[in-house]
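Chain by chain, the residues run as shown.
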Amino acid sequence: MDKAATAALHGHDHAPAHGHEHALGFWRKYVFSQDHKVIGIQYAVTGLFFLLFGFTLMIIMRWQLAYPGQPIPLIGSWLGERNAPGGIMLPEFYNQLGAMHGTIMVFLGVVPLAVGGFGNFVMPLQIGAPDMAFPKINMASYWVYFVGGVVMLVSFFLPGGAAQSGWTSYAPLADISPGQTSWLVGMVFLITSSLLGSINFIVTIIQLRAKGLTFMRLPFFVHAQFVTAFLLLLAFPPLEAAAIMQLMDRVAHTSFFLPSGLVVTGQPLAVSGGGTPLLWQHLFWFLAHPEVYVLILPAMGIVGEIVANNTRKPLWGYRVMVYSVIFLGFMSFIVWAHHMFMTGMGTTMSAFFQTTTMIISIPSVVILSALIISLYGGSIRFTTPMLFATAFMPMFGIGGLTGLPLGLAPSDIHLHDTYYVIGHFHYVVAPGTIFALFAGIYYWFPKATGRTMNELLGKVHFWGSFICINFVFMPMFIQGLQGMNRRLYDGGMQYAHAQPILHWNTVMSFAAWGLFLFQLPFVINFFLSIWRGRRVSDNPWEATTIEWTAAPSPPPHGNFPIVPEAYRGPYEYSVPGYPTDFLPQTQPDPPGHPAGTAAAIPAGRH
């Protein structure tokens, strides 16, 4: 579709666009907005709030693990007699904190920030689009997510309390334990939100790219979001169906996941039976393994943008990285049962899922290797975004390598359901993905606000977080290899084999509390910089991609004063013969080079 026609179609003919923007009232402009940038900021701020809330739940859990049976200081009396009589946490409340910590961090924090926040704000700008393809659906996706989040939070105050069957909601326990109904209702809202958003992302990237922006000229971040959208679209419906079936088991007395002959507290459970708990596991993990890549792919995309910009050279192996992302997305759908080796699936199926798990590690290694090789020979600027981006690489590497033993049935038998699993998963998601998200916030903050965040506070935030987070999660590998189970409300105190490693619980808890304190510089920096940050130009990082070179900071309604056009790939840094060390995508070809910049750029840079 012609870009002018596209702009007119979406009401973004730029001359009247500003008038339309000023004509909108407060509620239409900032609350029920259809502008992708406002929606992206709504997603990002809401996601950051949920990350902080979920992190706070973990801080409370860490006191119980370090000092089991002792009253929680400061806030113990606030938790209520139902949860912590005398300030001493009950096992049931510990289970609630554990289940809701995992649920909130993954489904309400990281995914909305990585996909809803960065995807909504950055992706349309990077492809030269005036907005998302379906602005009203985009608005609906945020508000459905918001309702799901409210349902999850309110569950803490309901008579049965919050969910306490883990973030995986395994049947049959989840079918009969209190608090799970609100969890399931909340999940239905969250899944619906992701489905609405993913359809929008796919159509936008296919239909609304700027003239000249072919698929192999897209920034790596856009490729990552494109594959992520397909993962959400294809993997979430099975879990939504499963959530509705489990909800029916709870409120309509069906037996999708309840087998016959269940005995609860010595009494036979009066249900029709005939269901299978394994069905829930298959439906859950069919989503939850692609979900891991829903977390990590946007993070890889963010790191790719920041590495190219701060090394002042093109991404090494850009095409191979793109093909690896696509292959990663495909393979993520045929590895889910490596979470289920303990279910007695048989050696043939076990061998299949072990093999696919080893294969899926290859594209991850390719992408990580390409990012590391991109650093070689670069004139690296160690800005705050670059510090977080470079830290992502070894942290994600540790997470990936420690996952390999869990993908092999013989070693998984020993490690399954131990602290080793928590250490592995958190290295991928916490110092991995969340570090990349922090990098993205520091990097695109000037585009959203026209101001930059304070570098000193940013570096205090980085180094404090980097040191503390490794002391939180590295000891978990030691505990897991020793055989300490996860989800023990007393940290393993009652088990003889855990006695030599109990002291690590205290070390990890102090590191977690330190990690919490080191988020305060970020919170102060974030809000202070919105009003007091140093004003910067439209392209303070001297980047090459369209969002920096064609859109003002912050971008107006409609994004671009002049409809952009792409003339080359996204990472033309340090081009020989060019007067500056960056050649923007939107810069017309130099005179005398009518066929593009091929004459000025060595072969292999395209």
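Residues numbered from 1 in each chain as written. Predicted model: local features only at pLDDT ≥ 70, side-chain atom pairs only at ≥ 80, totals over all residues. Heavy atoms only, no water.

Give a description of the overall build of the chain that names residues and reports values.
Within the chain, the secondary structure is distributed over 19 helices and four strands. Whereas a compact globule of 606 residues would reach a radius of gyration of roughly 25 Å, the chain reaches 25 Å, a difference of no more than 12%. Viewed in the frame of its principal axes, the chain has a C-alpha envelope of about 85 × 55 × 50 Å. A burial count over the chain gives 59% of its 606 residues as buried. Excluding contacts between residues fewer than 6 apart, the proportion of contacts in the chain whose partners are at least 24 apart in sequence is 78%. Per element, the accessible surface of the chain, about 23500 Å² overall, is 71% carbon and sulfur. (Helix = DSSP H or I, 4+ residues; strand = E, 2+ residues; numbered from the N terminus. Rg over C-alpha atoms; globule rule 2.2 N^0.38 Å. Buried < 20%, exposed > 50% of the residue type's maximum accessible area, 1.4 Å probe, protein only. Contact = heavy atoms within 4.5 Å. Areas by Shrake-Rupley, 256 points an atom, 1.4 Å probe, with all protein chains shown as cover.)

How would you sum up helix α9 (residues 220–251)? Please name residues and give values.
Given a rise of 1.5 Å per residue, 32 residues ought to cover 46 Å, and the 45 Å separating the end C-alpha atoms of α9 matches this to within 8%. Along its length, α9 shows its largest kink, about 35°, at phenylalanine 236, and proline proline 237 lies within four residues downstream of that point. Counted residue by residue, α9 has 24 buried out of 32 residues, so it is predominantly covered. (Expected span 1.5 Å × (residues − 1). Bend = angle between axes of the 7 residues up to and from the residue.)

Break down helix α17 (residues 503–517) for me, citing the residues and quoting the values.
When the terminal C-alpha atoms of α17 are compared, their 22 Å separation across 15 residues agrees well with the 21 Å that a helix rising 1.5 Å per residue should span. Buried residues of α17: Asn505, Met508, Ser509, Ala511, Ala512, Trp513, Gly514 and Leu515, and no others. Considering only its buried residues, α17 is in contact with α4 (36–66) and α16 (455–482).

Would you mind going over empty space enclosed by the protein in detail, with residue names and values included?
Counted by the stated rule, this structure contains two cavities of 30 Å³ or more. The volume enclosed by the largest cavity comes to roughly 180 Å³. Together, 19 residues line the largest cavity, and Tyr43, Val111, Pro112, Ser193 and Ser194 are the ones closest to its centre. Of all the secondary structure elements, the ones that give two or more residues to the lining of the largest cavity are α5 (91–126), α6 (135–154), α8 (180–207) and α9. Of the residues in the lining of the largest cavity, the class split is ten nonpolar, eight polar and one charged. (1 Å grid on protein atoms, 1.4 Å probe; cavity = no way out; pocket = protein on both sides within 12 Å on 5 of 7 lines; lining within 4 Å. Points joined across faces, edges and corners; volume = space filled by probe spheres on them. Nonpolar A, V, L, I, M, F, W, Y, C, P; charged D, E, K, R; others polar.)

Requested: an account of the pattern of salt bridges, with residues and values cited.
A pair can form between side chains of opposite charge whenever their charged atoms are brought close. In the structure shown here, the tally under the stated rule is six salt bridges. Taking the shortest distance from any N to any O, the salt bridge between arginine 487 and aspartate 417 comes out at 3.4 Å. One end of the pair, arginine 487, is in the loop between α16 and α17; the other, aspartate 417, is in the loop between α14 (409–415) and α15 (419–449), with 70 residues separating them in the sequence. Of the residues examined, arginine 487 reaches a relative accessible area of 41% and is grouped as partly exposed. One network of salt bridges, in which partners are shared, links Arg312, Glu542 and Asp581. (Salt bridge = Lys/Arg side-chain N within 4 Å of Asp/Glu carboxyl O.)

Please give an account of the environment of threonine 204 that cites residues and values.
In this fold, threonine 204 is placed in helix α8. Each C-alpha atom, one on threonine 204 and one on alanine 129, is 8.0 Å from the other, the two residues being 75 residues apart in sequence. Leaving out residues up to four positions away in the same chain, threonine 204 has contacts with Met123, Ile127, Asp131, Met132, Ala133 and Arg209.

With reference to specific residues and values, describe the packing of α5 against α6.
The contact between α5 and α6 brings their axes to 12 Å, and the two run at 165°. Of the possible angle classes, the one that applies to α5 and α6 is roughly antiparallel. As α5 runs across α6, the sense of the crossing is left-handed. Facing Met100, Thr103, Ile104, Phe107, Leu108, Pro112 and Asn120 of α5, the residues of α6 in contact are Asn138, Tyr145, Gly149, Met152 and Leu153. Class assignment for the residues of the contact of α5 with α6 results in eight nonpolar, four polar and no charged. (Axes fitted to C-alpha atoms, helices over the stretch in contact; angles between N-to-C directions. Parallel < 35°, antiparallel > 145°, perpendicular 65-115°, else oblique. Left-handed = near helix turned anticlockwise from the far one by under 90°.)

How would you sum up unusual backbone geometry? Please name residues and give values.
For the bond from alanine 171 to proline 172, the omega torsion is 5°, close enough to zero to count as cis. For proline 172, the position within the fold is in the loop between α6 and α7 (173–176). With an omega of -5°, the peptide bond running from serine 553 to proline 554 counts as cis. Here proline 554 lies in the segment after α19 (546–549). Even without glycine at this site, serine 169 takes up a positive phi of about 55°. With respect to the helices, strands and loops of the structure, serine 169 is situated in the loop between α6 and α7. Despite not being glycine, asparagine 559 shows a phi value in the positive range, around 75°.

Can you break down the packing of aromatic side chains residue by residue, with the values?
Scanning the entire structure with this criterion turns up 55 aromatic pairs. The interplanar angle of 85° and the centroid separation of 6.1 Å between the aromatic rings of tryptophan 167 and tryptophan 285 together place this pair among those described as edge-to-face. With tryptophan 167 in the loop between α6 and α7 and tryptophan 285 in helix α10 (residues 277–311), this residue pair connects regions lying 118 residues apart in the sequence. Classification of tryptophan 167 by relative accessible area gives buried; the value is 14%. Arginine 209 extends its terminal NZ or CZ atom over the ring of phenylalanine 215, reaching a point 4.3 Å from the ring centre. (Phe/Tyr/Trp six-rings, centres within 6.5 Å; stacked < 30°, edge-to-face > 60°. Lys NZ or Arg CZ within 6 Å of the ring centre and 35° of its normal.)

Go over the side chain of threonine 103, please, and point to the residues and values.
With respect to the helices and strands, threonine 103 occurs in helix α5. Using a relative accessible area of 0% as the deciding quantity, one classes threonine 103 as buried. Separated by 2.9 Å, the side chain of threonine 103 and the backbone oxygen of alanine 99 make a polar contact. Separated by 2.9 Å, the side chains of threonine 103 and tryptophan 183 make a polar contact. (Polar contact = N/O pair within 3.5 Å; in protein donor to acceptor, adjacent residues only side chain to side chain.)

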